[in-house]
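Understanding the architecture of this molecule
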Amino acid sequence: GKGSMHPLFDEIEASEKPVVVAHHGPCLGGALEMSLSCDFRLAAASAHYALPETSLGSLPGSGGTSRLTRIVGPHWARWFIMANLPMSAERALTAGLVHDVYSDAEFETRVHEFCRHVAKQPPEVVAAAKLTIEMVADLGRSEARHAERFAVSALALGEEARNLIGEVKARMSRKDRA
């Protein structure tokens with residue numbers, strides 16, 4: 001509806017580019033719902049999480065219930081939504097809500113290092129990985145393997161793969177001559 005955050009969060013989730021969100025301090029309600037649409041969630045030790053919608057007589061609706069459950073499973077979704085309890089950064093790491101937790105002192109440096117590392121990965125492969133992971137998440141084992149094979153085949157035919165193979169061959173050739 002009008003003013004809904006659904007389209008924005010869906011757009012973030014659908015982007016072929018990896019999206020990293022960094023939490024430093026409270027990540028509550030809509031901020032947490034937006035974070036759930038991102039590919040990587042990194043936290044400072046001081047970060048903490050909650051979905052207060054329950055205490056307001058509602059459920060998290062902009063993906064807060066569905067994305068949260070996909071990411072952390074029903075066990076922890078109940079903690080956030082039914083019990084309406086907060087979560088520390090360390091517990092969020094244990095629950096699978098965040099990928100890593102850094103000390104507040106080195107948080108910014110570590111987040112930048114992570115982003116530079118992800119940015120160095122071949123863009124076509126990262127985009128294919130993001131799409132394939134989303135596609136196979138809800139498929140059975142056999143169908144998921146077929147989807148994976150399609151993605152791998154498409155990448156093998158792409159320019160990026162040819163360039164990387166060429167670089168490896170050139171390095172091997174230089175080693176043979178040395």
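Position labels on residues start from 1 in each chain and follow its written sequence. The predicted origin of the model limits local features to residues at a pLDDT of at least 70 and limits the giving and counting of side-chain atom pairs to 80 or more, whereas totals for whole chains, interfaces and linings rest on all residues. Only hydrogens and water are removed before side-chain values are computed, so all heavy atoms of the structure are retained for them.

1. Side note on the packing of aromatic side chains
Two aromatic rings, drawn from Phe, Tyr or Trp (for Trp, its six-membered ring), form a pair once their centres lie within 6.5 Å of each other, and the interplanar angle then sorts them: stacked below 30 degrees, edge-to-face above 60, tilted otherwise. Following the criterion strictly, the structure yields two aromatic pairs and no others. When the ring of phenylalanine 40 is compared with that of phenylalanine 114, the centres are 5.1 Å apart and the planes differ by 70°; the resulting orientation is edge-to-face. Linking phenylalanine 40 in strand β3 (residues 40-44) with phenylalanine 114 in helix α5 (residues 107-119), this pair joins segments that are 74 residues apart in sequence. Given a relative accessible area of 24%, phenylalanine 40 falls into the partly exposed group. Note on tryptophan 76 and tryptophan 79: the rings are 5.6 Å apart at their centroids and 70° apart in plane angle, and the pair reads as edge-to-face. With tryptophan 76 and tryptophan 79 both in helix α3 (residues 66-82) and three residues apart, the pair spans about one turn of that helix. Residue classification places tryptophan 76 among the buried positions, given a relative accessible area of 18%. Helix numbering and strand numbering both begin at the N terminus, where a helix is a DSSP run of H or I of at least 4 residues and a strand a DSSP run of E of at least 2. Under the scheme applied here, a residue whose accessible area is under 20% of the maximum for its type counts as buried, over 50% as exposed, and between as partly exposed, the area being computed with a 1.4 Å probe on protein chains only.

2. Re the layout of surface pockets
Any residue with an atom within 4 Å of a point lines the site, the site being either a cavity, points on a 1 Å grid over the protein atoms alone where a 1.4 Å probe fits but cannot get out, or a pocket, an open set with protein on both sides within 12 Å along at least 5 of 7 lines. Grid points are joined across faces, edges and corners, and a volume is the space filled by probe spheres set on the points. Looking at the largest pocket, its volume works out to about 550 Å³. Around the largest pocket sit 21 residues that line it, and Cys38, Asp39, Lys130, Ile133 and Glu134 are the ones nearest its centre. Mapped onto the lining of the largest pocket, the elements with two or more residues apiece are β3, α3 and α6 (123-136). Top element by residues in the lining of the largest pocket is α6. It accounts for five residues. The space that makes up the second largest pocket amounts to roughly 160 Å³. If you trace the second largest pocket, you find it lined by Glu16, Lys17, Pro18, Cys115, Val118, Ala119, Gln121, Pro123, Val126 and Ala127. Secondary-structure elements contributing two or more residues to the lining of the second largest pocket are α5 and α6.

3. Quick word on the pattern of salt bridges
Here, a salt bridge means any side-chain nitrogen of Lys or Arg that lies within 4 Å of a carboxyl oxygen of Asp or Glu. Using the criterion set out here, one finds eight salt bridges in the structure. In this structure, the salt-bridge partner of aspartate 39 is lysine 130, at a minimum N-O distance of 2.7 Å. Placement of the pair is aspartate 39 in the loop between α2 (30-36) and β3 and lysine 130 in helix α6, with a sequence separation of 91 residues. Look at aspartate 39 and you get partly exposed, because its relative accessible area is 22%. A relative accessible area of 10% means that lysine 130 is categorised as buried. Of the charged contacts in the structure, one is a salt bridge between arginine 110 and glutamate 106, with a shortest N-O distance of 3.0 Å. Overall, arginine 110 belongs to the partly exposed group, its relative accessible area being 29%. Note on glutamate 106: relative accessible area 35%, which makes it partly exposed. Within this structure, Asp10, Glu13 and Arg67 form a network of salt bridges that share partners.

4. A short note on the side chain of serine 35
Relative to the elements of secondary structure, serine 35 occurs in helix α2. Here a polar contact is taken to be a pair of N or O atoms separated by no more than 3.5 Å, where protein atoms must pair a possible hydrogen donor with a possible acceptor and residues adjacent in sequence count only if both atoms sit in side chains. In terms of polar contacts, serine 35 uses its side chain to reach the side chain of histidine 23, at 2.8 Å. Among residues more than four places away in sequence, those in contact with serine 35 are Val21, His23, Cys27 and Arg41. In what follows, a contact means two residues having at least one pair of non-hydrogen atoms within 4.5 Å.

Geometry only, nothing functional implied.
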